[in-house]
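Summary of structural features
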Amino acid sequence: MSTQAGRTQVGIIGAGPAGLLLGQLLHRMGIESVILEQRSAEYVLGRIRAGVLEQGSVHLMEQAGCADRLHREGLIHDGTLLSIGGENHRIDFRRRTGKTVTIYGQTELTRDLMDARAACGARTVYEAEDVQPVDFNGDHPRLLYRKGGVQHELRCDFIAGCDGYHGISRTSVPQAAIQLFERVYPFGWLGVLVDRPPVSEELIYTHHERGFALCSMRSHSRSRYYVQCRLDDRVEDWSDDRFYDELRRRLPRETAEALQTGPSIEKSIAPLRSFVAEPLRFGRLFLAGDAAHIVPPTGAKGLNLAASDVFYLAEALRDYYQEKSKAGIDGYSARALRRVWKAERFSWWMTATLHIFPESAGFDRRIQRAELDYLAQSDAAQTALAENYVGLPF
Ligand code: FAD
Ligand code: DHB
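A few points on the structure. (Residues numbered from 1 in each chain as written. Chains lettered and ligands numbered in written order. Predicted model: local features only at pLDDT ≥ 70, side-chain atom pairs only at ≥ 80, totals over all residues. Heavy atoms only, no water.)

1. Points about the site of ligand 2
As a matter of local geometry, ligand 2 sits amid 14 residues, with Tyr205, Ser216, Arg218, Tyr226 and Pro297 nearest to it. Tyr205 is positioned such that a nitrogen or oxygen atom in its side chain is 2.6 Å from an oxygen atom of ligand 2. Between Ser216 and ligand 2, the recorded distance is 2.5 Å, taken from a side-chain N or O atom to an oxygen atom. For ligand 2, the protein covers 96% of the area, taking 290 Å² as the surface of the free molecule. Elements represented by at least two residues in the shell around ligand 2 include exactly strand 16 (213–217) and strand 17 (223–229). (Near = heavy atom within 4 Å. Polar contact = N/O pair within 3.5 Å; in protein donor to acceptor, adjacent residues only side chain to side chain. Areas by Shrake-Rupley, 256 points an atom, 1.4 Å probe, with all protein chains shown as cover. Helix = DSSP H or I, 4+ residues; strand = E, 2+ residues; numbered from the N terminus.)

2. Some details on the pairing of strand 15 (residues 204–207)
What you see with strand 15 is no split at all: Ile204 and Thr206 on one side and Tyr205 and His207 on the other are buried throughout. Pairing geometry for strand 6 (residues 79–84) and strand 15, over four bridges, is parallel. Within strand 15, the residue paired with Ile84 across the bridge is His207. With three bridges joining them, strand 15 and strand 16 adopt antiparallel strand pairing. Bridging across to strand 16, Thr206 finds its partner in Ala213. Taking the residues that link successive antiparallel strands as the turn, the strand 15-strand 16 hairpin has five residues, and the phi of Gly211 there is positive, at about 130 degrees. (Buried < 20%, exposed > 50% of the residue type's maximum accessible area, 1.4 Å probe, protein only. Pairing = 2+ DSSP bridges.)

3. Regarding the nonpolar core
Membership of the largest hydrophobic core comes to 76 residues, with the highest contact counts inside it found for Leu21 and Leu22. Beyond its immediate chain neighbours, meaning those up to four positions away, Leu21 contacts Leu60, Met61, Ala64, Leu113, Ala307 and Val310. The next biggest cluster of nonpolar side chains, apart from the first, holds 30 residues, and it includes Phe346, Met350, Leu354 and Leu385. (Core = buried A, V, L, I, M, F, W, Y, C linked by side-chain atoms within 4.5 Å. Contact = heavy atoms within 4.5 Å.)

4. Examining the pattern of salt bridges
Under the defined criterion, the tally for this structure stands at 33 salt bridges. Residues Asp157 and Arg7 are paired through a salt bridge, measuring 3.0 Å at the closest nitrogen-oxygen approach. A residue pair is termed long-range when its members are at least 10 positions apart, and Asp157 in the loop between strand 12 (150–155) and strand 13 (158–161) and Arg7 in strand 1 (residues 3–7) qualify at 150 residues. Of the residues examined, Asp157 reaches a relative accessible area of 17% and is grouped as buried. Among the residues examined, Arg7 registers a relative accessible area of 48% and is labelled partly exposed. Counted as one network, the salt bridges with shared partners bring together Arg69, Glu73, Glu108, Arg111 and Asp112. (Salt bridge = Lys/Arg side-chain N within 4 Å of Asp/Glu carboxyl O.)

5. Digging into the sheet that holds strand 2 (residues 10–13)
With mixed pairing, six strands are arranged side by side in an open sheet as 9-3-2-13-20-19. A strand with exactly one partner marks an edge of an open sheet, and here the two such strands are strand 9 (123–125) and strand 19 (281–282). Here strand 3 (residues 33–36) runs beside strand 9; their pairing, made up of three bridges, is parallel. Residue pairing across strands places Val34 opposite Arg123, the latter belonging to strand 9.

6. A word on helix 7 (residues 240–250)
Every buried residue of helix 7 is listed here: Asp240, Phe243, Tyr244, Glu246, Leu247 and Arg250. Relative to the axis of helix 7, the buried residues are bounded by an arc of 160 degrees and lie together on one face. Where helix 7 is buried, its residues meet strand 14 (179–194), strand 15, strand 16, strand 17 and strand 18 (264–278). (Arc of directions from axis to C-beta.)

7. A closer look at the site of ligand 1
Around ligand 1 sit 28 residues in total, of which Ala18, Glu37, Arg47, Gln106 and Asp290 are the nearest. Ala18 places a polar main-chain atom, nitrogen or oxygen, 2.9 Å from an oxygen atom of ligand 1. For ligand 1, an oxygen atom lies 3.4 Å from a polar atom in the backbone of Leu303. Across the complex, the protein chains shield 85% of the 990 Å² of accessible surface that ligand 1 would expose by itself. For the shell around ligand 1, the secondary-structure elements that each account for two or more residues are helix 1 (17–28) and helix 9 (302–323).

8. Side note on the environment of Ala352
For Ala352, the location among the structural elements is in helix 10 (residues 327–354). Ala352 gets classed as partly exposed once you look at its relative accessible area, which sits at 26%. C-alpha of Ala352 to C-alpha of Thr298: the two residues are 54 residues apart in sequence and 9.4 Å apart in space. If sequence neighbours within four positions are ignored, Ala352 has contacts with Phe357 and Gln368.

Okay, structure coming up:
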């Protein structure tokens, strides 16, 4: 089979939020990129995932020139509710930190970035098969892939591995060069998307004896609800009625009574995992977003961490091309990992505090109750939660 050759400055693997945002930030800095994505654009847009953006992520969307619709349609939230033992406690982000968060679905953010990329004429190859980063330890890295039966070779200055947890970038690195840190949790989240107005103006994170629940939203007319489920649960076992019954049982009585239900338009189970790979740079290959780390969803950090990685990486590449400085690319891994580990800590803490651990009894359960009691009463504890939830600076 003959090979078609091409060239770009930065070859990006993956057209999720990390890859697309990186591409757009680089474009605004005058740096060219090509994105290789294994799926179709429709498939990428069909994945229902995150919904909460930190202010820093919103600023990055502005910097990328992609924030018009986000500003028009995003919902600004000044706080959130914690329901503990049937009682609501409000955490006021604005008063405690001066910051807010914005509700805007990952699907919408991805669509805006895809549209902007198409409008500026930057190249994305969808349905690229068998993508492989090679020679990234030398000065001339390449991306090999197949498209429509034709073999391609893309020569690059750098490769950005933005291909998520199951991607090829991280696994292309020799095992001896990478260290992995992981915690797997003994439960999952069952999520339902429904075209009904949200039950509450703000998100409700609920700790209940039957398990964690979360009332979230995508807009004034679309709600996203989650309940903690067993790892061996299957989506088919959960009819809409069973889901709403379980959700109601975990919510405070007035909230349960106000819940508007309807046919689910999406229903899925996500396992919960904490995971970090170190370092994030291997010669001319960089890892960013879920390719490098996973957080359990409690606290809504996954997408926001992908955004801060990409910010550090775009700055590093700008310094390389514009200032002929290697300091940014040399420092990328350490700089990004400092923020990653703080978000890992927060997501782990939110998960441990709010869920019911099946094996937990006696001492552990009492400590968890004390933690919740402290959180419900302590100004300092609520401020710490707010500071982390709205996002640590980057
Ligand atoms: P991804 O979004 O995973 O994008 C990676 C892209 O790379 C994909 O398009 C993939 O198709 C492509 N790719 C993979 N392998 C290859 C390959 N070999 N070649 C080419 N392309 C490839 N976060 C929250 O904050 N809140 C949530 O509620 C939430 N829910 C989630 C539910 C699920 C099921 C999952 C998996 C994640 C969830 N997250 C959530 C996390 C959040 O969605 C991610 O952190 C975010 O998508 C990370 O973006 P990314 O671009 O790094 O990775
Ligand atoms: C959503 C997901 C989260 O993990 C979270 O903490 C808040 C909101 C959501 O999907 O809307």
